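Secondary and tertiary structure notes
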Amino acid sequence: MSSQDEQLPAAAAAAEAPEAAAADEGMTWWYRWLCRIAGVIGGMSCAISGLWNCVTINPLNIAAGVWMMFNAFVLFLCEAPFCCQFIEFANAVAARADRLRAWQKAAFYCGMAVFPVILSLTLTTLLGNAIAFATGVLYGMSALGKKGDAISYARIHQQQKQMDEEKLTGSLEGQAL
């Protein structure tokens, strides 16, 4: 067996690892659909607001509007590739976006949504990018994970309290000697 044959299974396992990690991040099916739907609605909001922003004389508004339409295209491409079925690379981009971790998507979507607002701070850019930013926030919340239950928090608090009492008792005994 050649070294190239040994590398092929390793490369295949490495390619499957991010997919398994992304699928096993703890997102429930309904939360995953909520994020996707928010991405599609955010894309529509960016496209409409971006087009409206381009109907002006101010060059910064035009630049922000073009960027918002680009954001809409990226959101559609990553979250709903069936909307871009006539673009050859749409499925490849969507597959790559699905392999990203939730915090990476959150940073990407929030960063994309903030840039037009920095370019031109108007009501149109704020409202147009709000849902796209909210999509990033939803992905960010899923990256934080589930909230713990009260029993585990009580157990941790009890253990910390015992450790503090032991330290206090130990320091008091050290002073008495």
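Above: the structure in question.
Notes on the structure in this doc start here. Please read these numbers as outputs of a predicted model, since none were measured by experiment.

Focus on the packing of aromatic side chains
What describes a pair of aromatic rings is the distance from one ring centre to the other and the angle between the planes of the rings. Under the counting rule described, the total for this entry stands at five aromatic pairs. With centroids separated by 5.8 Å and ring planes inclined at 55°, the aromatic side chains of Tyr109 and Tyr139 adopt a geometry described as tilted. Here the residue Tyr109 occupies a position in helix α5 (residues 102-119), and Tyr139 occupies one in helix α6 (residues 123-144), the gap between them amounting to 30 residues. Comparing Tyr109 with Tyr139 shows no difference in burial state: the two are buried.

Quick notes on helix α4 (residues 90-99)
Within the span of α4, buried status applies to Ala90, Ala94 and Ala97. Along α4, the residues classed as buried sweep out an arc of 60° about the axis, all on the same side. α4 presents Asn91, Ala92 and Arg96 as exposed residues on the side facing more than 90 degrees away from its buried surface. Against α3 (59-79) and α5 lie the buried residues of α4.

About the thresholds
Residues numbered from 1 in each chain as written. Predicted model: local features only at pLDDT ≥ 70, side-chain atom pairs only at ≥ 80, totals over all residues. Heavy atoms only, no water. Phe/Tyr/Trp six-rings, centres within 6.5 Å; stacked < 30°, edge-to-face > 60°. Helix = DSSP H or I, 4+ residues; strand = E, 2+ residues; numbered from the N terminus. Buried < 20%, exposed > 50% of the residue type's maximum accessible area, 1.4 Å probe, protein only. Arc of directions from axis to C-beta. Contact = heavy atoms within 4.5 Å.

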